[in-house]
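# Working through the structure, step by step
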Amino acid sequence: MSNKRKLLNDIFVDKVVPKLKTNRKSSPLLTNFEKWSDKRKKLLFENELALLRSGISDFGLEKNIFAKLLSSPIRCERMAWSRSPADLLMQVKINSIKASNALSNKKFELISGIGNLKGSKNAYLVNSEKLLSKKGLSHEGWIMSILTASSLHSIDLQDILIDNKKLVAGYREQLESSIIAGLENVAKNLISRDHSVVLSFDE
Amino acid sequence: MDSVPSIRILTKNAVITSKYTLLKNHSKYYMPNHNLKDIDEDTVVKMYYRRFIRLRPLISRTRMVKETYTSYIRYKFKIENYQLKRKLVTGIEEQRPLIPTLQKSLEFIIKSVSFIPETKTIKFKIARDNTICRQVLKNLLTVEYQKENFIEKRSKGSELYQLLRVDFNHLVNSNNNLKFTSQLKVFNDFDMCLILMNETIGTRL
């Protein structure tokens, strides 16, 4: 008993308002309604074949590392207050330190965001690494902006252990280990075909 | 559960749904089929420029984005020394033939404004590719807008314009203590990534 009817080839909807019928002598407002419809305009292709026939091919961007980097959602970078794709920036989170491990009486520390999936509220993105390790850099500026922008207003600046070197070194370590793990994974699952080029590495 | 009925209005040139206006006739956005090698290069470049500008209403409805797109296209066609940029990032000196890269770039933009109807059961692989094109274009225009704002607001004279648009000094890995290093590093990363993507898919974005 469904009211489903075929629209654009295979799209089904529950109800369809009857088509707007136009007379031969009707006004351009009706015949060229697309000019006044005030909706986002796109080019209609019925299916994949129609696209390919027009000469538009598949660029294979799903497997293109640069395209994936550039298409990641835009996030605001806290050092320069500028906007950039998230995958080009470094993610930093505020993690609570367990009391038994504490070397100081700080309650929180800054860690990098790789592999830490929990607590998405705490994550804010900072610019690339070299600038973080500079001596003359006042880190308090961007820490403050992270705190004010975050929902954790209750955390004081004094409660956070900020160690730039540790942060940068930890981040570097995590990056390197994830790259090595990825390469090892590729090496395990390698199916060698004729004319294939394999890049290997030594530890 | 579906209380709002879906609307579809058909006209001669388009299908209008509740979300989009889908244009059926795309011929003015493509290049003509006959052999372009018979025409001189300047005319062909102008033909491409016209098609890029014709796609402007499809990029976005907001004026700000459309203006960013227009100034981006104008800059690319009239002012940018793409070969210099490419050389600073990749080190390659030989030029690529121009027309194929323009064709690929036009295809990229067309993909980002295309619509293929998909349902829960029928999915097209190329639709995912088009979505990535759209996201890259959106991010590209966002960063372009950032650059324009940055040049306009922080520049004493045309210092930053020279840096970002003419010399591309931000792409050079030098240890100079430039001002605004963190902002320039963000632009550096983005531009490098974009040029490397261009190398892999043959575009000139």
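Note on numbering: residues in each chain are counted from 1, in written sequence order. Working convention: letters from A go to chains and numbers from 1 go to ligands, in the order in which they are written. With pLDDT at 70 or above as the cut-off, local features in this predicted model cover only qualifying residues; side-chain atom pairs require 80 or more to be listed or tallied, and sums for whole chains, interfaces and linings still use all residues. Side-chain figures throughout are based on the complete set of non-hydrogen atoms in the structure, without hydrogens or water.

Here we come to the packing of helix α6 (residues 125-154) of chain B against helix α8 (residues 181-201) of chain B. Residues and elements named next belong to chain B. The contact between α6 and α8 brings their axes to 12 Å, and the two run at 145°. Between α6 and α8 the crossing geometry is left-handed. On α8, the residues touching Val-136, Asn-139, Leu-140, Val-143, Gln-146, Lys-147 and Phe-150 of α6 are Gln-183, Leu-184, Phe-187, Phe-190, Asp-191, Leu-194 and Met-197. Under the convention adopted here, Pro, Cys and the residues Ala, Val, Leu, Ile, Met, Phe, Trp and Tyr are nonpolar, Asp, Glu, Lys and Arg are charged, and Gly plus all remaining residues are polar. Of the residues contributing to the contact of α6 with α8, the split by class is 9 nonpolar, 3 polar and 2 charged. Fitted lines through C-alpha atoms give the axes, limited to the stretch in contact for helices. The angle between two N-to-C directions lies from 0 to 180 degrees. Only DSSP runs of H or I covering at least 4 residues are called helices, and only runs of E covering at least 2 are called strands; the numbering of each starts at the N terminus. Handedness of a helix crossing follows the sense of rotation of the near helix relative to the far helix, less than a right angle counterclockwise being left-handed and clockwise being right-handed. Residues count as neighbours in contact if any of their non-hydrogen atoms are within 4.5 Å of one another.

Residue and element names in this part refer to chain B. Per-residue confidence from the predictor is reported as pLDDT, a score between 0 and 100. In the predicted model, chain B carries a mean pLDDT of 87, and 92% of its residues have values of at least 70. The spread of mean pLDDT over the elements of chain B runs between helix α7 (residues 159-167), the lowest at 77, and helix α3 (residues 63-79), the highest at 95. In the predicted complex, the global pTM is 0.83; the interface-specific ipTM is 0.88.

Before going further, it helps to spend a moment on the packing of α6 of chain B against α7 of chain B. All names here are of chain B. Remark: α6 packs on α7, axes separated minimally by 8 Å, with the N-to-C direction vectors making an angle of 155°. Here α6 is positioned roughly antiparallel relative to α7, judged by the angle of their axes. Of the residues in α7, those in contact with Glu-144, Lys-147, Glu-148, Phe-150, Ile-151 and Arg-154 of α6 are Leu-160, Tyr-161, Leu-164 and Arg-165. Its residues assigned to classes, the contact of α6 with α7 shows 5 nonpolar, no polar and 5 charged. Geometric relationships in this document are graded by angle, where less than 35 degrees denotes roughly parallel, more than 145 denotes roughly antiparallel, 65 to 115 denotes roughly perpendicular, and other angles denote oblique.

Time to look at the side chain of Asn-139 of chain B. Summarising the element assignment, Asn-139 of chain B is placed in helix α6. Overall, Asn-139 of chain B belongs to the buried group, its relative accessible area being 3%. If sequence neighbours within four positions are ignored, Asn-139 of chain B has contacts with Leu-70, Ser-71, Ser-72, Ile-74 and Pro-85 of chain A together with Phe-190 of chain B. Relative accessibility under 20% of the residue-type maximum defines a buried residue, over 50% an exposed one, and the middle range a partly exposed one, all with a 1.4 Å probe and only protein chains included.

This next bit is on the pairing of strand β3 (residues 40-44) of chain A. As judged from the 4 bridges shared by β3 of chain A and strand β3 (residues 20-23) of chain B, these two strands associate in the parallel manner. Counted as the bridge partner of Arg-40 of chain A is Tyr-20 of chain B from β3 of chain B. Strands were regarded as paired on the criterion that DSSP finds at least two bridges between them. Of the strand pairs in this sheet, β3 of chain A and strand β4 (residues 114-115) of chain B are connected by 2 bridges, and their pairing is parallel. Bridged to Leu-44 of chain A within β4 of chain B is Phe-115 of chain B.

In this section: the pattern of salt bridges. Residue and element names in this part refer to chain B. Each reported salt bridge corresponds to a side-chain nitrogen of Lys or Arg within 4 Å of a carboxyl oxygen of Asp or Glu. In this structure the tally under the stated criterion is 14 salt bridges over all chains. Between Glu-144 and Lys-147 there is a salt bridge whose closest N-O contact spans 4.0 Å. Pair noted here: Glu-144 and Lys-147 are both in helix α6, with a separation of 3 residues, about one helical turn. Judged by its relative accessible area of 6%, Glu-144 is buried. The partner of Asp-189 in a salt bridge is Lys-185, and the shortest N-O contact between them spans 3.0 Å. Here Asp-189 and its partner Lys-185 are both found in helix α8, 4 residues apart, which amounts to about one turn of the helix.

What follows deals with the side chain of Thr-11 of chain B. Relative to the helices and strands, Thr-11 of chain B is located in the loop between β1 (9-10) and β2 (14-16). In protein, a polar contact requires one atom able to donate a hydrogen and another able to accept it; more generally it is a pair of N or O atoms within 3.5 Å, and residues adjacent in sequence count only if both atoms are side-chain atoms. Reaching out from Thr-11 of chain B, the side chain makes a polar contact with the side chain of Glu-34 of chain A at a distance of 2.8 Å.

With that settled, consider α7 of chain B. An α-helical segment advances 3.6 residues per turn. Residues three or four places apart therefore align on the same side. All names here are of chain B. For α7, the set of buried residues is Leu-160, Leu-163, Leu-164 and Arg-165. For α7, the angular spread of buried residues about the axis comes to 155°, placing them on one side. Buried residues belonging to α7 abut α3, α6 and α8. A positive phi of about 55° marks Phe-168, the residue just after α7. Note: the arc covers the axis-to-C-beta directions of the helix.

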